[in-house]
Every structure is written in C-alpha cells, then in structure tokens.
Amino acid sequence: YGPGAKTDGLFSQLVRGVARHTLVSRLNWPGRTSIVHVDDVTKIMVGVVRNPQKAAFLEKDGVVFRQADLADRAALAKAFDGCDAVVGNAAMYVMAKIMFAWQEHVNANVEGTRNVYEAMREAGIKRVVQISTCGVYKIFPFRRYGPDSPQINGAKKQGGAYRASKQLSEALAW
C-alpha cells in the first residue's frame, strides 16, 4: 500500500488447531511479546502474510504460513481454506503518515479488513477476533478506557488517517 507501509507482518492468524498450546507472537516493537493461549491442542496456527520470509521466525513456534495480500480477496479466501476462525489485525502504520495519506490508510485498514471479512464468508468462517488500537477512542487524560468508551468519528476523519481508518475498520466488525 505504498513505500514504507508496514503491512508485511502477520495480519491474520487463523486458528485451525493447537490445544493446550501457548503461541508467543513477537510484535514489531523490540522487547514486546503477546501471548495467546489456545485451549484445543489438536489445532494448528496458520499465518496469512504478504511476505512469508518476514514472518519466518514464527515457524519454530509451529505457525504454518500461507501467502496472500489484503487487497486480494480471492487469495485471502484460498488462504483461509480449512480454518475455523480468524484473528485479524490488518493495518498500515507508518509514523510519518499517521496524520496524512488518507487513501493509503483506507486501502489497508478499511478495505483490507473488509476483504478479510468477505474472504471469511467465502471460506465459511464465522468466528473472528478483531484486533485494533486504543487510538479509536476519544482521548480523555487520566481516564480508564473500555469497550463502551466514546470513540472518535472515523467518517469525519477525526484523529488523523491512522486512527480514523482503524475506527472505520472496527465498525465493520460490528
């Protein structure tokens, strides 16, 4: 979605089976990890990525990779074949472009998410966990945030290109 766009990482991890297994997913920030516990050990994790070489470090954790791009719904549907659920975290985040580059953000964050959902329907997948950002919420200093906290209005382009497009992509999940 443009030079320097950070869309090569894992954007969908599809649960097909891994009971009593903990998948440790390394994020793009040094020193950070996120742990996902999957209760059904008979399953495997399938990572759908645009560039499998950039995510190869997860193969040792048992992740099987399939190649697809967020812009290619047919390739996504093929990659999702045989999967039970999707953990979607499609996003473009480039610090120098978070306030601008509207169309690039909409293409990756909104249309990419829409393509993931449509491909899921085509593949017969009914379960999804949508991962987003706290940036979709209106900022109130010293306040706790939760699912019912007020959100920015992405349709009015509030909060800049990244935050607004992520809010619009979250709206697709509902």
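Here the residue index of a chain counts from 1 through its sequence in written order. For a predicted model such as this one, the threshold for reporting local features is a pLDDT of at least 70, and the threshold for listing and counting side-chain atom pairs is 80 or more; totals across whole chains, interfaces and linings nevertheless cover every residue. By convention in this description, side-chain values take in all heavy atoms of the structure and omit both hydrogens and water.

Visitor: Honestly, the overall build of the protein in this entry has me stumped. Any pointers?
Guide: The way it works is that DSSP assigns letters per residue, a run of H or I at least four long becomes a helix, a run of E at least two long becomes a strand, and they are numbered from the N terminus. In terms of regular secondary structure, the protein is built from 3 helices and 7 strands. Ordered by position in the sequence, the α and β elements of the protein form the string β-β-β-β-β-α-β-α-β-α. In the protein, buried positions account for 40% of the 174 residues. Computed with a 1.4 Å probe, the accessible areas rest on the Shrake-Rupley method; for each residue, only the protein chains presented here act as cover. Of the accessible surface of the protein, which amounts to about 10,000 Å², a share of 55% is contributed by carbon and sulfur atoms. Classification of residues uses two cut-offs on accessible area relative to the type maximum, computed with a 1.4 Å probe and protein chains only: under 20% is buried, over 50% is exposed, and between them is partly exposed.

Visitor: Honestly, the pattern of salt bridges in this entry has me stumped. Any pointers?
Guide: Should their charged atoms come close, side chains of opposite charge can pair. For this document, the term salt bridge refers to a Lys or Arg side-chain nitrogen within 4 Å of an Asp or Glu carboxyl oxygen. Across all of its chains, the model carries 3 salt bridges by this definition. Here D69 ties to R50 by a salt bridge, and the two come within 3.5 Å at their closest N and O atoms. One end of the pair, D69, is in the loop between β5 (63–67) and α1 (73–79); the other, R50, is in the loop between β4 (45–49) and β5, with 19 residues separating them in the sequence. One salt bridge connects R121 with E118, and the closest N-O pair in it is separated by 2.7 Å. Separated by 3 residues within a single helix, R121 and E118 lie in helix α2 (residues 102–123), roughly one turn from each other.

Visitor: Sorry, what's going on with the packing of α2 against helix α3 (residues 160–173) here?
Guide: The angle between the axes and the distance between the axes are what describe a pair of packed helices. Between α2 and α3, the shortest axis-to-axis distance is 9 Å and the interhelical angle comes to 15°. Relative to α3, α2 is oriented roughly parallel. For the pair α2 and α3, the crossing hand works out as right-handed. Side by side, α2 and α3 meet where W102, H105, V106, N109, V110, T113, R114 and Y117 of the first sit next to G160, A161, Y162, A164, S165, K166, L168, S169, L172 and A173 of the second. Three residue categories are used. Nonpolar comprises Ala, Val, Leu, Ile, Met, Phe, Trp, Tyr, Cys and Pro, charged comprises Asp, Glu, Lys and Arg, and polar comprises the others, including Gly. Partitioning the contact of α2 with α3 into residue classes produces 10 nonpolar, 6 polar and 2 charged. The angle between two axes is taken between their N-to-C directions and runs from 0 to 180 degrees, where each axis is a line fitted to C-alpha atoms and a helix contributes only its stretch in contact. Orientation is classified from the angle alone, with under 35 degrees giving roughly parallel, over 145 giving roughly antiparallel, 65 to 115 giving roughly perpendicular, and any other angle giving oblique. Crossing handedness is defined as follows: a turn of the near helix away from the far one that is anticlockwise and smaller than a right angle gives a left-handed crossing, while the clockwise case is right-handed. Contact criterion: two residues are considered in contact whenever any of their non-hydrogen atoms come within 4.5 Å of each other.

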